[in-house]
Structure formats: C-alpha cells, structure tokens
Amino acid sequence: MAGAQQQPPYLHLAELTASQFLEIWKHFDADGNGYIEGKELENFFQELEKARKGSGMMSKSDNFGEKMKEFMQKYDKNSDGKIEMAELAQILPTEENFLLCFRQHVGSSAEFMEAWRKYDTDRSGYIEANELKGFLSDLLKKANRPYDEPKLQEYTQTILRMFDLNGDGKLGLSEMSRLLPVQENFLLKFQGMKLTSEEFNAIFTFYDKDGSGYIDEHELDALLKDLYEKNKKEMNIQQLTSYRKSVMSLAEAGKLYRKDLEIVLCSEPPV
C-alpha cells in the first residue's frame, strides 16, 4: 500500500466522481485539518502540473513559483493562502460538483442550523450516519438538483468519509458545518475558545438569571460579547448579529436551551 500512496490518484482525469475527488483530497490534506496548505500545497501543485503536462495542457518551461502564485490568486477565493475543500472542487473537474451544489443551497448558517435541528432530533450535537442521507437529500431537493438513489448513496458515503474524521459513524456539527462557505461558517469562529462543561455551566447559569433553563436573544447577545472579550477576539456588530441569529436558529420559540447552546460552545458535545 505504501507504493500506492506515492502516486496521487486521478489527477489526470477529465472528470472526477465524488469518491475520486475525496481520495485526492485525503492524499494531499495529509494532516487532516481540512485545508491543503504549506508543503501539502506545493506537493499538490507539483502533481497537478505533472498530470496536466502529461495530457498536454501546460507548457514545461514556466516558472513554478510564478505559476503557483497565479494559481492561488485564481482559486484561493478567501485569500487565506490555503485551499479548502470547496476551492479544490472548483480546481478539479468534479462530476456535477457535488460539494458546490450543497453550498449553493446552504446560503446561510442560519438555514444550515435549521436543517441541522431537524435531523439532530436528540440534540446530541451529532447526526447519525443513517440520518445523513435524509439531510443531504433535503439539501439537494431545496437546491433543485435532481439526483438518483445510487448518486445520493455515493454522496452520502463520500461526505461520511470526508467529515467523519474519527470514523465513529457519527457526524459532529462542526464537521458538517464545513458544507458552509467559509465566511458563513460561524462555528469556525468559536474554534480555539471552546469551553469545558464546568465553564459552560457556570456561564449559562450566570446568564440564565431566572433559572428557567433557557436564555433569550438579548441574553445570548451579552453572553457572546463577554465570551469574545474574555478570549480577546475582535468582533464587530454585524458579525455578532449574524452569529446570534445562527445560534438562535437552534432555539425553540425564541428560547435557547442549555443543550442547544452547549452543542456550539463546548469542546465536546454532551454525551
């Protein structure tokens, strides 16, 4: 198997299936952090050059550094110097571009959270593998993308492999939120400031002044502001409003229960 690892799969193909796309992704995102960056990016670019030269798509003499810069300007849509999965889906000729078809539907994190709420029925912070198919099927229907059963099955398997990083047959909210465009992915903003259960309980109790077991939108606003200040993170009013709206999509009739907020703010969803 070691020999097979040396040769990146499928880069020469005119069109990739969802599964082939995933194998390429896994090959280059060697540390599994959801980005191809640094050395990984150089490897990817070199192999892509090789594959394209092989099919006569590029001349051999161009300056590597220059071309890589040009390439990044074209494909690194959010200019963070890294390639994320949806950016890769634009570089490689993916069949029907399955990732983008989800992203076109999931225009906002609030919509995404509403769909999440529908499938995470037990409020565990996870969707089970067997719920994923329904979740994706809903997104495809809303995006008006016709699909057949085998295709849906392939998408489900691919996304399961893509996002179920620890292989437990469950998809965490933060994993699945990668279907969101990066600028819409409010959950990424909470990375690095996750709370332990004790911290979370203390904070929730503090804001749930009347002990009702839930907080409302204004209390959430104060909680988020404090959380950002405590972590010394910059935060403008528009962002705060949009994050609050996204988190409130989990609420019932304007009441955000302890368990709902815990999914977003705790390092591990409650067991």
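Residues numbered from 1 in each chain as written. Predicted model: local features only at pLDDT ≥ 70, side-chain atom pairs only at ≥ 80, totals over all residues. Heavy atoms only, no water.

Per an unreviewed UniProt entry, the protein carries the name Calretinin and comes from Propithecus coquereli. Its UniProt record, at the heading Sequence similarities (unreviewed entry), says of the protein: "Belongs to the calbindin family." (UniProt positions renumbered as here; feature names shortened; annotations may be inferred.)

Section: the UniProt feature "domain: EF-hand" (unreviewed entry) in the protein
Mapped onto this numbering, the UniProt entry gives "domain: EF-hand" (unreviewed entry) at residues 16-51, 63-98, 107-142, 151-186 and 195-230. The span residues 16-51 carries 69% helix and 6% strand; its end-to-end C-alpha distance comes to 14 Å. (Helix = DSSP H or I, 4+ residues; strand = E, 2+ residues; numbered from the N terminus.)

Re the pattern of salt bridges
Counting across every chain of the model gives 11 salt bridges. One salt bridge in this structure joins E47 and K50, with 3.6 Å as the shortest N-O distance. Placement of both E47 and K50 in helix α3 (residues 38-54) is noted, with a separation of three residues, approximately one turn of the helix. Put simply, R117, R123, E252 and D260 are held in one network by salt bridges that share partners. (Salt bridge = Lys/Arg side-chain N within 4 Å of Asp/Glu carboxyl O.)

Describing the packing of aromatic side chains
According to the stated counting rule, one finds nine aromatic pairs in the structure shown. Here the aromatic residues F28, F44, F45, F71 and Y75 are joined through ring pairs into a cluster of three or more. Geometry around Y126 places K170 over its ring, the cationic atom sitting 4.6 Å from the centre. Seen from the ring of F206, K209 lies directly overhead, with NZ or CZ sitting 4.0 Å from the centre. (Phe/Tyr/Trp six-rings, centres within 6.5 Å; stacked < 30°, edge-to-face > 60°. Lys NZ or Arg CZ within 6 Å of the ring centre and 35° of its normal.)

Details of the packing of helix α12 (residues 197-207) against helix α15 (residues 258-265)
Working note: a packed helix pair is described by the angle between its axes plus the distance between those axes. The geometry of α12 relative to α15 is characterised by a closest axis approach of 11 Å and an angle of 130° between their N-to-C directions. Relative to α15, α12 is oriented oblique. In this structure, α12 meets α15 at a crossing whose hand is right-handed. Contact with α12, carried on its side by S197, F200, N201, F204 and T205, involves R258, L261, E262 and L265 of α15 and no other residues of that element. (Axes fitted to C-alpha atoms, helices over the stretch in contact; angles between N-to-C directions. Parallel < 35°, antiparallel > 145°, perpendicular 65-115°, else oblique. Left-handed = near helix turned anticlockwise from the far one by under 90°. Contact = heavy atoms within 4.5 Å.)

Quick look at the nonpolar core
With 72 residues, the main nonpolar core has F44, L92, F135, M176 and L261 as its most contacted residues. Structurally, this core is a two-domain feature, drawing no fewer than three residues from each of domain 1 (101-183) and domain 2 (193-265). (Core = buried A, V, L, I, M, F, W, Y, C linked by side-chain atoms within 4.5 Å. Buried < 20%, exposed > 50% of the residue type's maximum accessible area, 1.4 Å probe, protein only. Domains from an automatic or database assignment.)

Quick notes on unusual backbone geometry
Positive phi values are uncommon outside glycine, yet R123 reaches one of about 55°. Relative to the helices and strands, R123 resides in the loop between α7 (109-119) and β3 (126-128). Of the residues examined, R123 reaches a relative accessible area of 18% and is grouped as buried. You will see that A253, though not glycine, has its phi angle at about 50°, which is positive. Looking at the element boundaries, A253 is found in the loop between α14 (237-248) and β6 (256-257). Exposure remark for A253: the relative accessible area of 79% places this residue in the exposed category.

Some points on the environment of F28
Assignment of secondary structure puts F28 in helix α2 (residues 18-28). Take F28: its relative accessible area is 4%, and that puts it in the buried class. Measuring from C-alpha to C-alpha, the distance between F28 and E42 comes to 9.6 Å, with 14 residues separating the pair along the chain.

Some points on the side chain of D208
Along the chain, the position of D208 falls in the loop between α12 and β5 (214-215). At 5.2 Å, R258 is the nearest oppositely charged side chain to D208, a buried residue that forms no salt bridge. Residues within four places of D208 in sequence aside, it is in contact with G213, Y214 and I215. (Lys, Arg positive; Asp, Glu negative; His and termini not counted.)

Structural notes on the packing of α2 against helix α9 (residues 149-163)
Running from N to C, α2 and α9 cross one another at 10°; their axes reach a closest spacing of 9 Å. Classified by the interaxial angle, the pair formed by α2 and α9 is roughly parallel. Of α9, the residues touching α2 (which contributes A18, S19, F21, L22, E23 and K26) are E154, Y155, T158, R161 and M162. Of the residues belonging to the contact of α2 with α9, the class tally is five nonpolar, two polar and four charged. (Nonpolar A, V, L, I, M, F, W, Y, C, P; charged D, E, K, R; others polar.)

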